[in-house]
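So the chains spell out like this:
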Amino acid sequence: MYGETAVYSFDEAIAALNQGAENIRVHFWHRYGECANVPDEFVRVLAYNQTCKVLDLHQAHVGDLGATGIGSALYQNTSLQKLNLYGNKIGASGVERLTLALTHNKTLRELSLSDNVIGDEGAKHIVSILRNNHSLTELNLELTGIGQQGGIAIEKALKQNASLINVK
């Protein structure tokens, strides 16, 4: 799709965003259990960026606080089409902020929340995305700890969403 720009810190990601990169893969190495600090400057630059189409934060361990910041950016961002948040230790409170943003965001097409700790509580917020966002076409919820109760709620909401083509 777009040539990937590999970066190794949020400072480098900010620079890549400011230089017009369209596909950014942020590579992080964290000690087990440690969550990354998502700088306010990254959130601000991402919010108003108009060139980045793909942002891959795979295993960046941003946690709930980082997801909240990214959600704030998505509320304003009008260019991002694909966001990979696989393996980021995001729980129900982080998903809540993301879903609030995605009720307003009209450009994001693909979202991976795979391998996070969303659970049934977070599934309630996912239902909000499914009911209120009609731009997402792909949503990955594999390995998120969503149980039967959350799965049933998501299944019901999917029946009301015509834009999603691929849900895992």
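Residue numbers here run from 1 along each chain, matching the order of that chain's written sequence. Only residues with pLDDT of at least 70 get local features here, since the model is predicted, and only at 80 or more are side-chain atom pairs given and counted; chain-wide, interface and lining totals rely on the full set of residues. Calculation of side-chain values draws on the structure's entire complement of heavy atoms; hydrogens and water are dropped beforehand.

(A) Structural context of the overall build of the protein chain. Only DSSP runs of H or I covering at least 4 residues are called helices, and only runs of E covering at least 2 are called strands; the numbering of each starts at the N terminus. What the protein chain contains, in helices and strands, is six helices and seven strands. In the protein chain, the order of α-helices and β-strands from amino to carboxyl end is β-α-β-α-β-α-β-α-β-α-β-α-β. Each principal axis of the C-alpha atoms in the protein chain carries an extent, and together these give about 45 × 35 × 25 Å. Exposed residues in this analysis have more than 50% of their type's maximum accessible area, buried residues have under 20%, and partly exposed residues fall in between, with area computed by a 1.4 Å probe over protein chains only. The 168 residues of the protein chain split such that 50% are buried. For every accessible area listed, the method is Shrake-Rupley and the probe measures 1.4 Å; residues are considered covered only by the protein chains on display. Accessible area for the protein chain stands at about 8200 Å²; split by element, carbon and sulfur atoms hold 48% of it.

(B) Layout of the nonpolar core. Among the buried residues, those of types Ala, Val, Leu, Ile, Met, Phe, Trp, Tyr and Cys that are joined through side-chain atoms within 4.5 Å form a nonpolar core. Judged by nonpolar contacts, the single largest core of 48 residues is most densely connected at Ile24, Phe42, Leu55, Leu83, Leu85, Leu111 and Ile126. Every residue in contact with Phe42, bar those within four places of it in the chain, is listed here: Phe10, Ala13, Ile14, Leu17 and Leu55. The contact rule is simple, with two residues in contact once any of their heavy atoms fall within 4.5 Å.

(C) Spotlight on helix α1 (residues 10–18). All buried positions along α1 are accounted for by Phe10, Ala13, Ile14, Ala16 and Leu17. End-on, the buried residues of α1 take up no more than an arc of 165°, which puts them together on one face. Residues Asp11 and Asn18 are exposed on α1 and point more than 90 degrees away from its buried face. Lining the buried residues of α1 we find β1 (4–7), β2 (23–26) and α2 (40–48). Residues adjacent in sequence count toward polar contacts only when both atoms are side-chain atoms; beyond that, a polar contact is any pair of N or O atoms within 3.5 Å, and within protein one must be able to donate a hydrogen and the other to accept it. Among the residues of α1, the N-terminal cap falls to Ser9, whose side-chain oxygen and the backbone nitrogen of Asp11 are separated by 3.4 Å. One or two steps after α1, the chain reaches Gly20, where phi turns positive at roughly 90°. The arc refers to the directions leading from the helix axis to the C-beta atoms.

(D) How the structure looks around the environment of Asn77. Take Asn77: it is sitting in the loop between α3 (63–76) and β4 (82–84). Considering only alpha carbons, one finds Asn77 and Asn161, 84 residues apart in sequence, at a separation of 22 Å. Once you skip the residues sitting within four places of it in the chain, Asn77 turns out to touch Leu46, Ala47, Asn49, Asn105 and Thr107. In this structure the side chain of Asn77 is engaged in a polar contact, spanning 3.5 Å, whose partner is the backbone oxygen of Asn49.

(E) Inspection of the pattern of salt bridges at higher detail. Here a salt bridge means any side-chain nitrogen of Lys or Arg lying within 4 Å of a carboxyl oxygen belonging to Asp or Glu. Scanning the entire structure with this criterion turns up four salt bridges. For Glu110, the salt bridge identified is with Lys82, shortest N-O distance 3.7 Å. With Glu110 in strand β5 (residues 110–112) and Lys82 in strand β4, this pair connects stretches of sequence that are 28 residues apart. Note on Glu110: relative accessible area 24%, which makes it partly exposed.

(F) A look at unusual backbone geometry. Located in the positive-phi region is Gln59, a residue other than glycine, with phi close to 55°. Examined against the element boundaries, Gln59 turns out to sit in the loop between β3 (54–56) and α3. The partly exposed category is assigned to Gln59, whose relative accessible area is 36%. Even without being glycine, Leu143 reaches a positive phi, approximately 55°. Its place among the elements puts Leu143 in the loop between β6 (138–140) and α6 (148–158). Residue classification places Leu143 among the exposed positions, given a relative accessible area of 62%.

(G) Inspection of the sheet that holds β5 at higher detail. Only strands joined by at least two bridges in the DSSP assignment are considered to pair. The parallel open sheet is built from seven strands, whose spatial order is β1-β2-β3-β4-β5-β6-β7. If you trace the sheet from one side to the other, it starts and ends with β1 and β7 (166–167), each paired once. The pairing of β3 with β4 spans three bridges and is parallel. Across the sheet, residue Leu55 finds its bridge partner in β4, namely Leu83.

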